Amino acid sequence: MARPQPPPWVHAAVLLCLLGLGGAIEIPMDPSIQNELSQPPTITKQSVKDHIVDPRDNILIECEAKGNPAPSFHWTRNSRFFNVAKDPRVSMRRRSGTLVIDFRSGGRPEEYEGEYQCFARNKFGTALSNRIRLQVSKSPLWPKENLDPVVVQEGAPLTLQCNPPPGLPSPVIFWMSSSMEPITQDKRVSQGHNGDLYFSNVMVQDMQTDYSCNARFHFTHTIQQKNPFTLKVLTNHPYNDSSLRNHPDMYSARGVSERTPSFMYPQGTASSQMVLRGMDLLLECIASGVPTPDIAWYKKGGDLPSDKAKFENFNKALRITSVSEEDSGEYFCLASNKMGSIRHTISVRVKAAPYWLDEPKNLILAPGEDGRLVCRANGNPKPTVQWMVNGEPLQSAPPNPNREVAGDTIIFRDTQISSRAVYQCNTSNEHGYLLANAFVSVLDVPPRMMSPRNQLIRVILYNRTRLDCPFFGSPIPTLRWFKNGQGSNLDGGNYHVYENGSLEIKMIRKEDQGIYTCVATNILGKAENQVRLEVKDPTRIFRMPEDQVVKRGTTVQLECRVKHDPSLKLTVSWLKDDQPLYIGNRMKKEDDSLTIFGVAERDQGSYTCVASTELDQDLAKAYLTVLADQTTPTNRLAALPKGRPDRPRDLELTDLAERSVRLTWIPGDDNNSPITDYVVQFEEDQFQPGVWHDHSKFPGSVNSAVLQLSPYVNYQFRVIAVNEVGSSHPSLPSERYRTSGAPPESNPSDVKGEGTRKNNMEITWTPMNATSAFGPNLRYIVKWRRKETRETWNNATVWGSRYVVGQTPVYVPYEIRVQAENDFGKGPEPDTVIGYSGEDLPSAPRRFRVRQPNLQTINLEWDHPEHPNGILTGYSLRYLPFNGTKLGKQMVENFSPNQTKFTVQRADPVSRYRFTLSARTQVGSGEAVTEESPAAPNEAYTNNQPDIVTQGWFIGLMCAIALLVLILLIVCFIKRSRGGKYPVREKKDVPLGPEDPKEEDGSFDYSDEDNKPLQGSQTSLDGTIKQQESDDSLVDYGEGGEGQFNEDGSFIGQYTVKKDKEETEGNESSEATSPVNAIYSLA
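Remember, predicted model here, so these are calculated numbers, not experimental data.

**Remarks on the overall build of the protein**
Thought 1: Across its full length, the protein carries 11 helices and 84 strands.
Thought 2: Per-residue burial over the protein gives 42% buried out of 1083 residues.
Thought 3: Partitioning the intrachain contacts of the protein with sequence separation of at least 6 by distance along the chain shows that 64% fall at a separation of at least 24.
Thought 4: On the protein, roughly 58600 Å² of surface is accessible, and the fraction owed to carbon and sulfur atoms is 50%.

**Details of the state of the cysteines**
Thought 1: Counting across every chain of the model gives six disulfides.
Thought 2: One disulfide bridge connects Cys63 with Cys118, the sulfur atoms lying 2.0 Å from each other. Handedness here is read from the sign of the S-S torsion; for Cys63 and Cys118, about -70 degrees, the answer is left-handed. One end of the pair, Cys63, is in strand S4 (residues 63-68); the other, Cys118, is in strand S9 (residues 114-122), and 55 residues separate them in sequence.

**Details of a nonpolar patch on the surface**
Thought 1: Residues Trp953, Leu957, Met958, Ile961, Val965 and Leu969 make up a contiguous nonpolar surface patch of about 590 Å² in total accessible area.
Thought 2: Following the sequence through the fold, Met958 ends up in helix H7 (residues 952-978).

**Considerations on the packing of aromatic side chains**
Thought 1: Taken as a whole, this structure holds 21 aromatic pairs when the rule is applied.
Thought 2: Look at Tyr298 and Phe332: their rings are 5.2 Å apart centre to centre, the planes differ by 25 degrees, and that puts the pair in the stacked class. With Tyr298 in strand S24 (residues 294-299) and Phe332 in strand S27 (residues 329-337), this residue pair connects regions lying 34 residues apart in the sequence.
Thought 3: Under the relative-accessibility criterion, Tyr298 is labelled partly exposed at 38%.
Thought 4: Ring-pair connections join several aromatic residues into one group, and the members of that group are Phe848, Trp862, Tyr875, Phe895 and Phe902.
Thought 5: Its guanidinium or amino end placed over the ring of Tyr712, Arg738 lies 4.8 Å from that ring's centre, counting from NZ or CZ.

**With respect to the nonpolar core**
Thought 1: Ranked by internal contacts, the top residues of the largest apolar core, which has 41 residues, are Met449, Leu479, Trp481, Tyr516, Leu663, Leu707 and Phe717.
Thought 2: Beyond its immediate chain neighbours, meaning those up to four positions away, Met449 contacts Cys469, Pro470, Phe471, Leu479, Cys518, Ala520, Ala527, Glu528 and Asn529.

**Things to note about the confidence of the model for the protein**
Residues shown with low pLDDT carry predicted positions that ought not to be read at fine detail.
Thought 1: For the protein, the mean per-residue pLDDT works out to 83, and 84% of the residues sit at or above 70.
Thought 2: Within the model, pLDDT remains below 50 along residues 630-640, and this stretch shows eight contacts once partners closer than five positions in the same chain are excluded.
Thought 3: Throughout residues 939-945 the model reports pLDDT below 50, and contacts reaching past four residues in sequence, or to other chains, amount to nine contacts.

**Remarks on unusual backbone geometry**
Thought 1: Residue Pro266 is bonded to the preceding Tyr265 through a cis peptide linkage, with omega at -10 degrees.
Thought 2: With respect to the element layout, Pro266 can be found in the loop between strand S20 (259-265) and strand S21 (270-276).
Thought 3: With an omega of 5 degrees, the peptide bond running from Asn380 to Pro381 counts as cis.
Thought 4: A positive phi angle is found at Tyr462, which is not glycine, with a value near 70 degrees.
Thought 5: By the secondary structure assignment, Tyr462 is in the loop between strand S39 (455-460) and strand S40 (465-467).
Thought 6: At Gln807, a position not held by glycine, the phi torsion is positive, near 55 degrees.
Thought 7: Turning to its location among the elements, Gln807 is positioned in the loop between strand S68 (802-806) and strand S69 (813-822).
Thought 8: Exposure remark for Gln807: the relative accessible area of 73% places this residue in the exposed category.

**Regarding the sheet that holds S68**
Thought 1: Read from one edge of the open sheet, three strands run S64-S65-S68, paired in antiparallel fashion. Two strands close off the open sheet at either side, each with one partner strand: strand S64 (749-754) and S68. The sheet shows a mean angle of 10 degrees between the axes of neighbouring strands, direction not considered.
Thought 2: Sheet topology note: the S64/strand S65 (residues 760-766) ladder contains four bridges and is antiparallel.

**Quick word on the environment of Gln548**
Thought 1: Tracing the backbone shows Gln548 in strand S48 (residues 548-551).
Thought 2: Separated by 56 residues in the primary sequence, Gln548 and Gln604 have C-alpha atoms spaced 10.0 Å apart.
Thought 3: Beyond its immediate chain neighbours, meaning those up to four positions away, Gln548 contacts Val556, Gln557, Leu558, Tyr623, Leu624 and Thr625.
Thought 4: One polar contact links the side chain of Gln548 to the main-chain carbonyl oxygen of Gln557, over a distance of 2.9 Å.

**Quick word on the sheet that holds strand S22 (residues 281-284)**
Across a sheet, strands are paired by hydrogen bonds formed along the backbone, either parallel or antiparallel in direction.
Thought 1: Strand order in the open sheet formed by three strands is S22-S26-S25, with antiparallel pairing between adjacent strands. Edge positions in the sheet fall to S22 and strand S25 (309-312), since each has one partner strand and no second. Adjacent strand axes in the sheet meet at a mean angle of 20 degrees, parallel and antiparallel pairs treated alike.
Thought 2: Taken together, the four bridges between S25 and strand S26 (residues 317-320) define a ladder with antiparallel strand orientation. Following the sheet pairing, Ala309 is matched in S26 by Ile320.

**As for the pairing of strand S45 (residues 514-522)**
Thought 1: The buried fraction of S45 is high, at seven of nine residues.
Thought 2: Of the pairings in the sheet, the one linking strand S42 (residues 478-483) to S45 comprises six bridges and is antiparallel in character. Bridge assignment links Phe482 to a residue of S45, and that residue is Thr517.
Thought 3: As defined by bridge partners, S45 adjoins strand S46 (residues 525-536) across nine bridges and the pair is classed as antiparallel. When the bridges of S46 are listed, Thr517 appears paired with Gln530.
Thought 4: Joining the antiparallel neighbours S45 and S46 is a turn of two residues.

**A look at the pattern of salt bridges**
Thought 1: Tallied over the entire structure, the rule returns 45 salt bridges.
Thought 2: Between Arg586 and Asp603 there is a salt bridge, with its nearest N and O atoms 3.0 Å apart. Separated by 17 residues along the polypeptide, Arg586 in the loop between strand S52 (579-580) and strand S53 (587-590) and Asp603 in the loop between strand S54 (593-596) and strand S55 (605-612) bring together distant segments of the chain.
Thought 3: A salt bridge links Glu724 to Lys642; the shortest N-O distance between them is 2.8 Å. Of the two residues, Glu724 is situated in the loop between strand S62 (714-722) and strand S63 (737-738) and Lys642 in the loop between strand S56 (617-627) and strand S57 (649-654); the sequence distance between them amounts to 82 residues.
Thought 4: For Lys642, a relative accessible area of 41% gives the class partly exposed.

**Description of the pairing of strand S79 (residues 924-932)**
Thought 1: Direction of pairing for strand S78 (residues 912-921) relative to S79: antiparallel, over a ladder of seven bridges. Across the sheet, the residue bridging to Phe915 is Glu931, located in S79.

**Focus: the environment of Leu887**
Thought 1: Its place among the elements puts Leu887 in strand S75 (residues 886-887).
Thought 2: Using a relative accessible area of 56% as the deciding quantity, one classes Leu887 as exposed.
Thought 3: In this structure the C-alpha to C-alpha distance between Leu887 and Tyr913, which are 26 residues apart in sequence, comes to 9.5 Å.
Thought 4: Setting aside anything within four residues of it in sequence, one finds Leu887 in contact with Leu880, Pro881, Phe882 and Arg914.

**A word on the side chain of Thr427**
Thought 1: The topology assignment puts Thr427 in strand S36 (residues 421-429).
Thought 2: Engagement of the side chain of Thr427 in a polar contact is seen with the backbone oxygen of Thr384, the distance being 3.3 Å.

**A short note on the environment of Asp54**
Thought 1: In this fold, Asp54 is placed in the loop between strand S2 (50-53) and strand S3 (59-61).
Thought 2: Sequence separation between Asp54 and Pro109 is 55 residues; the distance between their C-alpha atoms is 8.9 Å.
Thought 3: Of the polar contacts made by the side chain of Asp54, one reaches the side chain of Arg56; its length is 3.0 Å.

Criteria and cut-off values
- Residues numbered from 1 in each chain as written.
- Predicted model: local features only at pLDDT ≥ 70, side-chain atom pairs only at ≥ 80, totals over all residues.
- Heavy atoms only, no water.
- Helix = DSSP H or I, 4+ residues; strand = E, 2+ residues; numbered from the N terminus.
- Buried < 20%, exposed > 50% of the residue type's maximum accessible area, 1.4 Å probe, protein only.
- Contact = heavy atoms within 4.5 Å.
- Areas by Shrake-Rupley, 256 points an atom, 1.4 Å probe, with all protein chains shown as cover.
- Disulfide = S-S within 2.5 Å.
- Patch = residues over 30% accessible without salt bridge, like charges linked within 9 Å, V, L, I, M, F, W, Y side chains within 5 Å.
- Salt bridge = Lys/Arg side-chain N within 4 Å of Asp/Glu carboxyl O.
- Phe/Tyr/Trp six-rings, centres within 6.5 Å; stacked < 30°, edge-to-face > 60°.
- Lys NZ or Arg CZ within 6 Å of the ring centre and 35° of its normal.
- Core = buried A, V, L, I, M, F, W, Y, C linked by side-chain atoms within 4.5 Å.
- pLDDT = per-residue confidence, 0-100.
- Pairing = 2+ DSSP bridges.
- Axes fitted to C-alpha atoms, helices over the stretch in contact; angles between N-to-C directions.
- Polar contact = N/O pair within 3.5 Å; in protein donor to acceptor, adjacent residues only side chain to side chain.

Structure, rendered in structure tokens:
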């Protein structure tokens, strides 16, 4: 039920009850309080800081204030006292400080220009207005001038300057012809923000009109026109040349040279602009060029603010509304045509006049209380703060030991009646100022009630209601509620007392009826008031109208039987198609029915019965279908032998208990199919309002059941009937019933701890629903600690369904507990769940081994990483064959986390393989390890590489090797044939016999029969025969050490035989031509 709006004095009293919260306080408008309570002045209305007036009207400078006693007013002009009484033209309005300067009897308004400030004063302090700068509007005439025709070449840029006379405020500029026709503007011809008219390029048709600048002044509503400009365009082709007028490339066809863009405004490539916070920023770029350039805008390092930026003047201007500090930076405009582009950069600086962060508020205190005034503002540059009291600088005011100034704050301690004053805070920088008044008032008022006494409040059973008790006092009184004049203070459970003193009863029951007393108390006394509460039964329609199908001309009756509280006046009305029903001669309305005689087709539609009292109402709806004669009845729900049951009605709650309630209902029509089940559903208005949940199911033979309830749920029930055809529509909901609260009996389910990053763990759970909350302010106590440590439990209180633990080691187990708690207590001890902090990339697999048992396969083995840093999800292997610098195609294999072996089948026996292996977690692949397959044996390249022998380089190499081997064999053979082995004998020559030891060990002599040396002599290498000397020197045998000793001590020498010198000389020529000799000479 909607509660009636309280009278205005209640809102004022509620504001005053917030006194101790430091907010702005207004004295209640109750005349009895207004006449008793004193109040320093407060400025309520004043003119704007820059006050521009029309010189044709009287000047009005506003200043109004309130206070108790009523304040008096005086003014200063240019910081000097302004004596209003001495100027006959100046007066002040009665009971106001507003100045009126009357010029009906003459005078010049300009004489009164200056800076004015209003002072409102009573015996408790002085309040100040802003410094009001008065200026008289000016609209000077345009200077007379003769303008020569402007001569310009076709295609050239042109600027027509306006230079309007300075006005106050600045006039509005627009261009027209001398015949008052507006100048057509487009991206080629447009007016700049400064009022000048810009031609990006002049065309010959531009001289068909003249151009006049016009200025419209605001206050005088006059328009002044400048002498018009006349253009003379020099061209190579006359404008009426029809062959060129519609040419697709007009410029080249008319002989106009195409030019790259250049900026007409602003000049150069860079400029700067300053704008104040909260104002509009207007950036402008106007460019010349042929063809006409297009303009685009950008911001360096970011995007233009789409919600505040808009383009004007054919994209030549960018306006950003209500700029803030974030809009500072560098903007640039880009002018481009087909010949090229240029850009201009504008550096924007956002400054700020002072703006409030904490504006000082009026402070009302009781004697001995503490308080503070705060004046905090921001700006760019940072504003300075100056405090004044009653219009004078604080430094020159009399000292006050109870007052302390700390920068932007004044602190008051142990305030007394003498502390009353009006304080001004003036904060300013070079761009402006702010001035605020805030009074300090010290009141000493005993409690008093501000509402009528002995009010009667009537409320419907099971509804929620609030009893108001507005009060006033200083110091702020404390308020308590009692029922029937006895018992303890009412607060908690089904009662809740608000800070303003109102008492809320969350669900009204019969036993809540009675007299409630509110008592306000402070050190000066107490006051009380009483409210009588009556509980009424709800209004319910227990026999609802039903859908009917009738023939035209018959009589139909729609029932509507109502049960209501007998002490309330009942009114029953009807709606047709949701509009009030006019009861005509064919209709009869009774207390419990509506009868329609001679039903006509126009009577078809929906009929709603509305039963209402002054406190509540109920309604029920039915549909009436009217059939024409000779027509088979067809219900709009389809006339079937069997149908879904009608919905149950008249739900009623009885036997109300802490954890149960009895629900009774009246079954609807079963429509020729017996009802098999009833489904009871409930809805609660705290966690999921408007969502219905199944509560229980009962046989179709019952219409009353006891429902088991959970604590602290505001239940509402409905019933659905079920038969073999289907389910009925839900019944209308029952009244609400709230059970009392209790500590939770369970804890949230599905508790998990998982890392979302490598250094955190997110604890989540499924929140408890309304039927398991058991009390208000359901929250969760989350506890965690590292597993298998003796750490103390960390804990946090959470109102949602997740909590993130930060700064955790990588992938370590945690013990987690989540316990439910409400205002009635904690739930049972929760189970411990194991969770893990976040995973990271794993380290490289250990001991990666590559083996090659044969030329066809390669075996890989590895061990798990030393630091998995999470749950391994598998391994990734990348490998590719290579032969020298030639690389093959890379292949990728993914393995399960348990696989640590893999065999690669080689594509060919020659190439080697490079393997890269890494482990994976859900975060990704970790550090990789790389190995290569061993090199193949050399013979593998000969035995298993038949295609190499067909290569030309290989054949050449083999031939060179064979030739070298052949040469070596020949040299060896020649050496053998020219030398031999000889035994070494001491002192004398002994012929070698068959028993010589050398024959036994297999040595023999190589000799030439024709050149056999003499016994007892030997042949030197140079062919001379030496006689053996007596010392048998080895040097003599070997010619200076050329000989060698065998293992058995025999000397091996090389000997040559000459028959005589002549034979040697005679054979030189023949030996030189012999191939064998040539080889021998090399040897």
